[in-house]
Amino acid sequence: MNSTLKIVAASALIVAGGAAFAQKGETVKIAFMDPLSGPFANVGQNQLKSWQFAAEKLAARNPAGVRFEVVGFDNKGSPQESLNTLKAAIDQGFHYVVQGNGSGAGLAIEDAVAKHNDRNPGKEVVYLNYAAVDPSMTNEKCDYWHFRLDADTSMKMEALTSFMKDQPKVTKVFLLNQNYSHGQQVAKYFKEAIGRKRPDVKIVGEDLHPIGQVKDFSPYVAKIKQSGADTIVTGNWGQDLTLLVKALNDAGLKIPMYTYYATVTGTPTALAAGGDSEVYVVGYGHANHTGELGQMASDFKKKFNDDYYTYATYNGINLLSAAMAKAQSTNPVKVARAMEGLSVKSFAGDVTMRTSDHQLQQTMYITRWQKATKGQYSVENTGYTFVPVKQMDPYVSSTPTSCQMKRPSAG
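Residues numbered from 1 in each chain as written. Predicted model: local features only at pLDDT ≥ 70, side-chain atom pairs only at ≥ 80, totals over all residues. Heavy atoms only, no water.

Participant: Quick one: what's the story with empty space enclosed by the protein, residue by residue and with numbers?
Facilitator: Tallied over the full model, the rule gives two cavities of 30 Å³ or more. Approximately 500 Å³ is the volume attributed to the largest cavity. Among the secondary structure elements, those contributing two or more residues to the lining of the largest cavity are helix 2 (41–57) and strand 10 (279–283). Among the elements that line the lining of the largest cavity, the one with the most residues is strand 10, at three residues. Class assignment of the residues belonging to the lining of the largest cavity gives a composition of 20 nonpolar, twelve polar and three charged. As for the second largest cavity, its lining consists of Ile232, Val245, Leu248, Asn249, Gly252, Leu253, Lys254, Ile255, Met257, Leu271, Ser277 and Val279. No other element matches the three residues that helix 8 (residues 239–251) contributes to the lining of the second largest cavity. (1 Å grid on protein atoms, 1.4 Å probe; cavity = no way out; pocket = protein on both sides within 12 Å on 5 of 7 lines; lining within 4 Å. Points joined across faces, edges and corners; volume = space filled by probe spheres on them. Helix = DSSP H or I, 4+ residues; strand = E, 2+ residues; numbered from the N terminus. Nonpolar A, V, L, I, M, F, W, Y, C, P; charged D, E, K, R; others polar.)

Here it is in C-alpha cells:
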C-alpha cells in the first residue's frame, strides 16, 4: 500500500469511529442532555452554558491538548426523551454524554449506555453524571460506564445533618419534597441520619408533591404552619423551590429552611423578594470561591448576566482532560479506565473518582443566605449571597457502597 492510500485508510478508520482515536489537537464532542424547554428550562439552559463555558475557559491548560465541544440535546427531563436524545447523539458520533437534572432520566441513560456498550464494542459511550443524585446509581444499579461528579443524596444528608445536629433550635421538622426518587430519598435519609445524631428532633409533617406540576404552594405552606414546625427540610429544585419560597413569602412564614438547591436559577431572586431569611444549602461548593473558580464565576456573570453555580462542570472538564492525558487517548474505553481512582486538583482540595463505584469524593460545604458585604458575590444581582458556615473534609460525607461493578474484560 502506498503512503497516500495509508493516510486515506487511517482517516477513514477515525471517521468511522473505530479503534483509532487521536489526542493532541483533537476536538472531543460532549452531548449535554437535560431540559432546555418546559418548567426546568431555565436551569438546563444555565447548565448547558456552564459546560460550554468551562470547556472554553479550561482549554488553555488542558493536559491532553484536546478541545471540548459541548452540544445541547433537549431531553425535556423525561426518561423516554432521554433515550431518544441518547440514540440521536450516538448516531451523530458522540462518545461522551453529560446529564444531571433528574435521576429518572439519569437511570434511563445509565442503563441504555450500559446496554449500548455491551452490544456495540468499538463504539462505547461514557456517561458523566453531574447532578442526578439517586444513591442507587452508584450502589445496586452501578455501572462501569457511569461516573458521578456530584455528591449523592445520602452523602449530602450526612453532611447536612452533621451540621443540623449542632443547631439547638432545630426541634420540629417538616419535610417537603418532590415525589420522585430524589425527593423520596431526601426524606428517607434525613429521618435515618437525624435519628442517629439528634433522636430528640421530631418530624411534625411530611409531604410529597408532583414534580414540576404545582403552580401554587400555599396549601403546602398552610400545612407547614399548622404543624408547628420550626424547620423545613427540602430537596426541591428549580421551579418547585422557587414557587415554594414565593408561597412562604406570601404567608410571611419565616422559619429556617435547609435545602440542597437554593442556589439554582430563579430561587435566589425569590428569596431576596422576601427580605432576610434563614436558608441553608448543602453542596460541594459555594458562591464566594476565590482563585480560578472565582474568576470564572465573575467572567460568566459578565458574559451571560447569570450565575455560574454548577461547579461539577469545572471538575468534569478537568477530570476528563487528566484521564485523556493519562490514557494518551480519547478512546472512551481507555479514558474510562484512566478515570478510575484518578485524583485532580479542584477549587477545594483534591477530588478523587472512587474506583469501587465511580462516585467522586470531595469536600462539602454548608452555606447560609445573607446580605452580601463588600467583595462578596451578589447572587442573581440580588445584593444577597451564600456564605460558607461549615466546611467538611471528604470523609465526613463519604458513604459506603454496595456496588458490585462488572468491568469489561480488558479492564
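Participant: Describe the confidence of the model for the chain, naming the residues involved and giving the relevant values.
Facilitator: Chain-level statistics for the chain give a pLDDT mean of 93 and a share of 94% at 70 or above. For residues 1–20, every residue scores under 50 in pLDDT, and the model assigns this stretch eight contacts once sequence neighbours within four places are set aside. (pLDDT = per-residue confidence, 0-100. Contact = heavy atoms within 4.5 Å.)

Participant: Residue-level account of the sheet that holds strand 2 (residues 67–74), with values.
Facilitator: Pairing between sheet strands relies on hydrogen bonds along the backbone, with the strands arranged either parallel or antiparallel. Read from one edge to the other, the open sheet built from five strands follows the order 2-1-3-4-5, with strand pairing classed as parallel. Only two strands of the sheet have a single neighbouring strand rather than two, namely strand 2 and strand 5 (146–148). Strand-to-strand twist of the sheet, defined as the mean angle between neighbouring strand axes without regard to direction, takes the value 25°. As judged from the eight bridges shared by strand 1 (residues 27–34) and strand 2, these two strands associate in the parallel manner. Each bridged residue has a counterpart across the sheet, and for threonine 27 the counterpart in strand 2 is arginine 67. Where helix 11 (residues 312–327) meets the sheet, its contacts fall on strand 1, strand 2, strand 3 (96–99) and strand 4 (126–129), and the angle it forms with strand 2 comes to roughly 130°. (Pairing = 2+ DSSP bridges. Axes fitted to C-alpha atoms, helices over the stretch in contact; angles between N-to-C directions.)

Participant: Which residues make up the pairing of strand 3, and what values go with them?
Facilitator: Burial along strand 3 is two-sided: the residues Tyr96 and Val98 and Val97 and Gln99 are all buried. Across three bridges, the pairing between strand 1 and strand 3 is parallel. Looking across to strand 3, one finds that phenylalanine 32 is bridged to valine 98. Running through helix 4 (residues 103–119), the crossover from strand 3 to the neighbouring parallel element strand 4 is right-handed. (Buried < 20%, exposed > 50% of the residue type's maximum accessible area, 1.4 Å probe, protein only. Right-handed = clockwise from strand over helix to strand, strands pointing away.)

Participant: Residue-level account of the sheet that holds strand 6 (residues 172–178), with values.
Facilitator: One open sheet accounts for seven strands, arranged 7-6-8-9-10-14-15; its pairing is mixed. A single partner strand is all that each edge strand has here, and the edge strands are strand 7 (202–209) and strand 15 (384–392). The sheet shows a mean angle of 20° between the axes of neighbouring strands, direction not considered. For strand 6 and strand 8 (residues 231–234), the ladder comprises three bridges, and the chain directions are parallel. Considered in strand 8, the bridge of phenylalanine 174 is made with isoleucine 232. The strands touched by helix 8 within the sheet are strand 6, strand 7, strand 8 and strand 9 (257–259), with strand 9 carrying the most contacts at an inclination of about 175°.

Participant: Describe helix 10 (residues 291–304), listing the residues and the values that go with them.
Facilitator: Between its terminal C-alpha atoms helix 10 stretches 20 Å, which fits the 20 Å expected from 14 residues at 1.5 Å a residue. Inspection of helix 10 places Leu293, Gly294, Met296, Ala297, Asp299, Phe300 and Lys301 among the buried residues, and these make up the whole buried set. Looking at the packing, one finds that the buried side of helix 10 touches helix 2 and helix 11. One or two steps after helix 10, the chain reaches asparagine 305, where phi turns positive at roughly 50°. (Expected span 1.5 Å × (residues − 1).)

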